[in-house]
Amino acid sequence: MVGITLKYLMITIFKTNINEEQESSVRQFLNLFKEIVKVDFDFEDSDNILRIETVRDIAKQVEVVLNSNGYCCTELL
C-alpha cells in the first residue's frame, strides 16, 4: 500500500517598494523563514509584487521583518 501525503500551500501576495537591485537582499531576509517554499517577484507590476508560497500563514511576520529593515511591504487581501 502506498501512502499519499497532501501538502497544502498558502499563497500570499504583497505590495512592496522592492526593486530588482534589492531582490537578493530581500531573499536573504525571506530565507530566515523555514515555512516559505517559493518566492516570486513581479517588477513589471506597478505594485512591485512579492508572492510567497508557505506551509502556514506568516504574512504578518514577513511584513514585520521587511518593514523593520527599511522596505515597504503590505499584504494584499
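Note: the structure precedes this text.
Residues numbered from 1 in each chain as written. Predicted model: local features only at pLDDT ≥ 70, side-chain atom pairs only at ≥ 80, totals over all residues. Heavy atoms only, no water.

A. Representation of the pairing of strand β1 (residues 10–16) within the structure. Where β1 lies against strand β3 (residues 49–54), 5 bridges are found, and the strand directions are antiparallel. Note on β3: the bridge partner recorded for Met10 is Thr54. Both β1 and strand β4 (residues 73–75) contribute to a ladder of 3 bridges, which runs antiparallel. If you follow Lys15 over to β4, its bridge partner there is Thr74. (Pairing = 2+ DSSP bridges. Helix = DSSP H or I, 4+ residues; strand = E, 2+ residues; numbered from the N terminus.)

B. Fine view of the environment of Glu63. Its location among the elements puts Glu63 in helix α2 (residues 59–68). Glu63 sits in the buried class, given a relative accessible area of 12%. Placed 12 residues apart in sequence, Glu63 and Glu75 show a C-alpha to C-alpha distance of 7.5 Å. (Buried < 20%, exposed > 50% of the residue type's maximum accessible area, 1.4 Å probe, protein only.)

C. Representation of the pairing of strand β2 (residues 36–42) within the structure. Of the strand pairs in this sheet, β2 and β3 are connected by 6 bridges, and their pairing is antiparallel. Looking at β3, one finds that Phe41 is bridged to Leu50. Taking the residues that link successive antiparallel strands as the turn, the β2-β3 hairpin has 6 residues, and the phi of Asn48 there is positive, at about 45 degrees.

D. Examining the pattern of salt bridges more closely. Under the definition given, this model contains 5 salt bridges. Residue Asp47 is joined to Lys15 by a salt bridge in which the shortest nitrogen-to-oxygen separation is 3.8 Å. Of this pair, Asp47 sits in the loop between β2 and β3 while Lys15 is found in strand β1, placing the two residues 32 residues apart along the sequence. The exposure class of Asp47 is partly exposed, given its relative accessible area of 24%. (Salt bridge = Lys/Arg side-chain N within 4 Å of Asp/Glu carboxyl O.)

E. Summary view of the sheet that holds β3. Overall, antiparallel pairing links the 4 strands, which are arranged β2-β3-β1-β4 in an open sheet. Among the strands making up the open sheet, the edge pair consists of β2 and β4. Adjacent strand axes in the sheet meet at a mean angle of 25 degrees when their direction is disregarded. Seen against the sheet, helix α1 (residues 23–30) touches β2 and β3 and runs at an angle of roughly 160 degrees to β2. Strands β1, β3 and β4 of the sheet are contacted by α2, whose axis makes an angle of about 165 degrees with β4. (Axes fitted to C-alpha atoms, helices over the stretch in contact; angles between N-to-C directions. Contact = heavy atoms within 4.5 Å.)

F. Layout of unusual backbone geometry. The phi torsion at Asn48 lies on the positive side, around 45 degrees, for a residue other than glycine. Looking at the element boundaries, Asn48 is found in the loop between β2 and β3.

Keep in mind that these numbers describe shape and distance, not what the molecule does.
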